[in-house]
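For reference, the chains in residue letters:
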Amino acid sequence: MKKFTNSGNIDTRSGFGAGMDELGETHENVVALCADLTGSLKLNDFAKNHPERFFQTGIAEANMIGMAAGMTIGGKVPYATSFANFATGRVYDQIRQSVAYSNKNVKICASHAGLTLGEDGATHQILEDLGLMKMLPGMTVINPCDFNQTKAATKAIADHEGPVYLRFGRPSVPNFTEADGKFEIGKALHLVEGSDVTILATGHLVWHALEAAEELEEKGISAEVINIHTIKPLDDEAILNSIKKTRCVVTCEEHNYLGGLGESVSGLLAKNDPVYQEFVATNDTFGESGTPAQLMEKYGLNTKSIVKAVNKVLAKK
Amino acid sequence: MPNTKQLEDFVSQVRRDIVRQVHGVSSGHPGGSLGCAEFFVALYQEVMKRKEGFDMDGKDEDLFFLSNGHISPVFYSVLARSGYFPVEELKTFRKIDSRLQGHPTTHEGLPGIRIASGSLGQGMSVALGAAQAKTLNGDDNLVYSLHGDGELQEGQNWEAILYAAGNKIDNLISTIDLNGQQIDGSTDDVLNMGSVRAKFEAFGWDVLDIEKGNDIEAIVAGLNEAKSRTGKGKPVCILLHTIMGHGVDFMMDGHAWHGKAPNDEQLEKALAQNPETLGDY
């Protein structure tokens, strides 16, 4: 199978910061808002280089989302940033009315998503954000897998007209996609061709899916790995074409199985081509404090969990 | 510029539009709409700098945001009669397939509306964003917003009020409709807010009162005074003292007509008190 090389572990939020640095130079209408988390969102350079386009809102996320919506009136492209919990759950109604229903060109960019923010614990580990955001009509939902892809996605959404939720994280993870690659919203990426099982992964779980595919190959199982960086709109065609071949699927995400990628895939398959599916996702639970690796192990979100899920789904096939 | 008589005639027609819209669908919010009729007419017919037609960005003109979206009947009437969309369309208010939704929205593309409102407490943040975009664009026109007094109970307002003063946003004039009423009763009974003036001043705003909030001349004078206070390093707040239901005697004095539609007989009474001046839709 095709091998991927990790060019060095780095956090996806730094990919966001790098993308913002470039947008600062190339897109004069891009503005950034942040609710007292400038360093955590890697926006220090943007704030320093473009102080007139950086808006420190203080710890007041509701006002931040409303202001971002208002700034689109006059042609600005606001990137409203915080931790994923405070950028979605805390401000759901502001996003719903002032951004989504009003169809404003706001980019909600959220770091520290999922379990892997680690020691801060469940108050900060949102596992429901993809569901919250994908349910909003007109909202595009993107969850890139590494530094390079997060940087590319950050830049790509500036040229997409309409509200976007961009989700990334805190831990250092393998960086393996192409540097300065093109990011096409809604276009899933085939990473590995296979014939026995389809593994659909998003975000931090994509690297684990690749590792799982290698392990499975050693046991004679041919896994197809697809990077679903865009949860909405879902690349129906890519998924259905793969399922036609493999006849079973494992979905992998750092999110609750309720409301996440797996549920979107289930809906698609139920309507078009029902096959057995296993979910590598959290099971309707909150997280807790721990290191990212400990948490991913305890909640079943790592390479081992994916291999196990593949074996389970293959047994049913 | 229209004279006072012309503005008052305009208000009379707007009041008719309000009660007729709400009666036509047996739902909606006439009380707050009537109380703000003079304010809307003063703003759109006299005070705001407006371009011909409508574009979402609103560059090189003043902007207005309605935060307490439930008073949509007055907003729709004044927008229609200021040329944003056909007056005839008022008859579709709150009906299926209409651009005139129960609460204002951009979703159906109604000209004159720049943000959805209805879920309370969000409009000041939006106005602040638009005001800062104007500054970035080198556009020295103003942003106006209107809020209910009960609406100030929503916490997001205070985030916005804090931000506006802390960042010296001085191209924004936010008006509070101080009618002292909300759905469950008087604002004093539901959640007493104490002195709204003292609160805004404590947050660092420049505050002025329009004591006669249903007197068109007083409103025009107050809005012009507010304009003269912009550009001085502070956001400006107008406390507009209005009477809910003003202009229809049986709808005044209390909160009963916050969200209730008149029946046929009540409609006739209301219309008899407000002569047709610009032609009913």
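The rules we used
Residues numbered from 1 in each chain as written. Chains lettered and ligands numbered in written order. Predicted model: local features only at pLDDT ≥ 70, side-chain atom pairs only at ≥ 80, totals over all residues. Heavy atoms only, no water. Helix = DSSP H or I, 4+ residues; strand = E, 2+ residues; numbered from the N terminus. Rg over C-alpha atoms; globule rule 2.2 N^0.38 Å. Areas by Shrake-Rupley, 256 points an atom, 1.4 Å probe, with all protein chains shown as cover. Lys, Arg positive; Asp, Glu negative; His and termini not counted. Charge placed at Lys NZ, Arg CZ, Asp CG, Glu CD. Phe/Tyr/Trp six-rings, centres within 6.5 Å; stacked < 30°, edge-to-face > 60°. Domains from an automatic or database assignment. Contact = heavy atoms within 4.5 Å. Buried area = accessible area lost by both parts, 1.4 Å probe. Salt bridge = Lys/Arg side-chain N within 4 Å of Asp/Glu carboxyl O. Polar contact = N/O pair within 3.5 Å; in protein donor to acceptor, adjacent residues only side chain to side chain. Core = buried A, V, L, I, M, F, W, Y, C linked by side-chain atoms within 4.5 Å. Buried < 20%, exposed > 50% of the residue type's maximum accessible area, 1.4 Å probe, protein only. Pairing = 2+ DSSP bridges. Expected span 1.5 Å × (residues − 1). UniProt positions renumbered as here; feature names shortened; annotations may be inferred.

Regarding the overall build of chain A
Across its full length, chain A carries twelve helices and 14 strands. Over its C-alpha trace chain A gives a radius of gyration of 19 Å, about what one expects of a compact globule, namely 20 Å for 317 residues. Its C-alpha atoms give chain A principal-axis dimensions of about 60 × 40 × 35 Å. Accessible surface for chain A amounts to roughly 11,500 Å². Of this, 49% is attributable to carbon and sulfur atoms. Across chain A, the mean location of the 30 positive side-chain charges is 3 Å away from that of the 39 negative side-chain charges.

What to know about the packing of aromatic side chains
Residue and element names in this part refer to chain B. Considering all chains together, one arrives at 19 aromatic pairs over all chains under this definition. Aromatic pair phenylalanine 64 and phenylalanine 75: ring centres 5.5 Å apart, planes at 80°, arrangement edge-to-face. Of this pair, phenylalanine 64 sits in strand β1 (residues 63–66) while phenylalanine 75 sits in helix α4 (residues 72–81), and the two are eleven residues apart along the sequence. Between the aromatic rings of phenylalanine 200 and tryptophan 205, the centroid separation amounts to 5.2 Å while the plane-to-plane angle is 80°, which identifies the pairing as edge-to-face.

A look at the domain arrangement of chain A
It is common to report an interface's size as the accessible area lost on association of the parts. Residues and elements named next belong to chain A. Segmentation of chain A into domains returns domain 1 (10–173) and domain 2 (189–310). A separation of 25 Å is found between the C-alpha centroids of domain 1 and domain 2. If you look at the interface, domain 1 gives 32 residues, while domain 2 gives 33 residues. Here domain 1 and domain 2 share an interface that buries about 2,300 Å² over both sides, 56% of which is from carbon and sulfur atoms. Per-residue buried area on domain 1 facing domain 2 is highest for Leu115, Leu127 and Lys134; these three make up 29% of the total on that side. Across the contact surface, domain 1 and domain 2 share one salt bridge. Its salt-bridge partner being lysine 134, residue glutamate 263 comes within 3.7 Å of it at the nearest N-O pair. Linking domain 1 with domain 2 are 24 residue pairs in polar contact (both at pLDDT 80 or more). Every element with two or more residues in the side of domain 1 that touches domain 2 is listed here: α6 (129–134) and β6 (140–142). Ranked by residues supplied to the side of domain 1 that touches domain 2, first place goes to α6 with four residues.

Structural notes on the nonpolar core
Inside soluble globular proteins, nonpolar side chains tend to come together where they are buried. Ile95, Tyr165 and Ile239 of chain A together with Phe65, Phe200 and Trp205 of chain B are the most contacted members of the largest nonpolar core, which totals 74 residues. In terms of residues, this core owes the most to one element, helix α3 (residues 61–71) of chain A, which gives seven residues. Here this core gathers at least three residues from each of two domains, domain 1 (10–173) and domain 2 (189–310) of chain A. Once you skip the residues sitting within four places of it in the chain, tryptophan 205 of chain B turns out to touch Met124, Ile161, Ala164, Ala165, Leu172, Ser174, Phe200, Lys234, Pro235, Val236 and Cys237 of chain B.

Some details on the pattern of salt bridges
Here the structure, examined in full by the defined rule, presents 31 salt bridges over all chains. When the shortest N-O distance is used, the salt bridge between aspartate 17 of chain B and arginine 81 of chain B registers 2.5 Å. Of this pair, aspartate 17 of chain B sits in helix α1 (residues 4–25) while arginine 81 of chain B sits in helix α4, placing them 64 residues apart in sequence. Taken as a pair, aspartate 17 of chain B and arginine 81 of chain B share a single burial class, namely buried. For arginine 99 of chain B, the salt bridge goes to glutamate 89 of chain B, with nearest N and O atoms at 2.7 Å. Taken together, the residues arginine 99 of chain B in the loop between α4 and α5 (123–136) and glutamate 89 of chain B in the loop between α4 and α5 connect sequence positions ten residues apart. The partly exposed category is assigned to arginine 99 of chain B, whose relative accessible area is 27%. Within this structure, Glu22, Lys151, Lys155 and Asp180 of chain A form a network of salt bridges that share partners.

Some points on the pairing of strand β4 (residues 77–83) of chain A
All names here are of chain A. Within β4, seven of the seven residues are buried, leaving the element largely enclosed by the surrounding structure. Taken together, the five bridges between strand β2 (residues 30–34) and β4 define a ladder with parallel strand orientation. Across the sheet, valine 31 pairs through a bridge with proline 78, a residue of β4.

Some points on α1 of chain B
Residue and element names in this part refer to chain B. A rise of 1.5 Å per residue sets the reference length of α1, with its 22 residues, at 32 Å; its end C-alpha atoms lie 32 Å apart and thus fit the reference within 8%. Residue asparagine 3 occupies the N-cap position of α1, its side-chain oxygen lying 3.1 Å from the main-chain nitrogen of lysine 5. Just past α1, the residue serine 26 takes up positive phi, approximately 55°.

Focus: the UniProt feature "domain: Transketolase-like pyrimidine-binding" (unreviewed entry) in chain A
Mapped onto this structure's residue numbering, the UniProt feature "domain: Transketolase-like pyrimidine-binding" (unreviewed entry) falls at residues 10–175 of chain A. For residues 10–175 of chain A, the helix share is 37%, the strand share is 19%, and the end-to-end C-alpha distance is 7 Å.

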